[in-house]
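Working through the structure, step by step
So you can see what is in the structure, the chains are spelled out below.
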Amino acid sequence: MIKALLLIFDPTATWERIVVTQRSLVFVLVVFLFPLLLLASAAEGFGLVHWGKWQGEIGRIKQFPIGEATIVEAAQFLLALAVVFVGANMLKSIGETFHGRHTYTQAFTAVAYGLSPFFMLRLLDASPGISPWVGWAVGIILTTAVLYHGVPRVMEPDPPHAFGLFFMTSLLLALITGLVRLLTASYLEGKFPKLQMLISHWAARLPF
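Below you will find a few notes about this structure. (Residues numbered from 1 in each chain as written. Predicted model: local features only at pLDDT ≥ 70, side-chain atom pairs only at ≥ 80, totals over all residues. Heavy atoms only, no water.)

Right, let's talk about the overall build of the protein chain for a bit. Along the backbone of the protein chain there are nine helices and two strands. When the helices and strands of the protein chain are listed from N to C terminus, the series reads α-α-α-β-β-α-α-α-α-α-α. Computed over the C-alpha atoms, the radius of gyration of the protein chain is 18 Å, within 12% of the 17 Å expected from 2.2 N^0.38 for a compact globule of 208 residues. Seen along its three principal axes, the alpha-carbon backbone of the protein chain occupies a region of about 55 × 30 × 30 Å. (Helix = DSSP H or I, 4+ residues; strand = E, 2+ residues; numbered from the N terminus. Rg over C-alpha atoms; globule rule 2.2 N^0.38 Å.)

Before going further, it helps to spend a moment on the nonpolar core. Residues Leu33, Val84, Leu91, Phe108, Leu115 and Phe119 are the most contacted members of the largest nonpolar core, which totals 40 residues. Counting residues per element, the ones that place at least two in this core are helix H2 (11-21), helix H3 (25-50), helix H4 (66-97), helix H5 (104-114), helix H6 (116-120), helix H7 (132-155) and helix H8 (159-188). Of the residues forming this core, the biggest block, nine residues, is contributed by H4. Contact partners of Leu115, with chain neighbours within four places excluded, come to Val83, Val84, Thr143, Leu173 and Thr177. Counting residues in hydrophobic clusters, the runner-up holds nine residues, among them Val72, Tyr187, Leu188 and Ile199. (Core = buried A, V, L, I, M, F, W, Y, C linked by side-chain atoms within 4.5 Å. Buried < 20%, exposed > 50% of the residue type's maximum accessible area, 1.4 Å probe, protein only. Contact = heavy atoms within 4.5 Å.)

Secondary-structure assignment places Ser170 in helix H8. Here Ser170 is in contact with Thr144 and Leu147, once residues within four sequence places are set aside.

Let us now look at the pattern of salt bridges. One side chain can pair with another of opposite charge once the charged atoms of both are near each other. Counted under the stated rule, the structure contains eight salt bridges. Lys62 serves as the salt-bridge partner of Glu68, at 3.3 Å between the closest nitrogen and oxygen. Assessed through its relative accessible area of 15%, Lys62 is described here as buried. Between Arg122 and Glu73 there is a salt bridge; the shortest N-O distance is 3.1 Å. Here Arg122, found in the loop between H6 and H7, pairs with Glu73, found in helix H4; they are 49 residues apart in sequence, far enough to count as distant. Residue Arg122 shares its accessibility class with Glu73, and that shared class is buried. Taken together, the shared-partner salt bridges connect Glu16, Arg153 and Glu156 into one network. (Salt bridge = Lys/Arg side-chain N within 4 Å of Asp/Glu carboxyl O.)

In structure tokens, the structure reads:
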């Protein structure tokens, strides 16, 4: 959380420290990414249980049972991890089209830290009164600004290719996160009743 804020307000120095420390993929995943995603999921899960979400054309607040909220947030946690891993793979592939020689760890580091403002803004999803697209839009804008400084520093492309690598990475991450947000927001708004019934059935089997 603190690192995400530092990347927003002091990106140059923060990216420099990230590059100098050269953390492993496992370290970035377990020590940085997992806690951030768990915090976002816990906050939204709390909101689902205690405040609910607007559902239906007429509009009513549905408060989710703890079991259903747990399954929903576990799915969102896994989707967020998938976004980071897929995004890192795309960044590495795009870098190779620019004749770069990058490791997957470099790409994963850039994407994981770059997306941290986006994941942090998921805290807004705890409130039923804030559109999920507000958090997505603000998060992607901040992520783009952070990646502008981070991609060239971490990936070290040739100077003529730096902007192209940053632009393509930002665009693809915006598309992927947008698709995931469309899916999750539609579910929470009650647009997948059969899936909701299935998840409610699974939730009823949980011991809490």
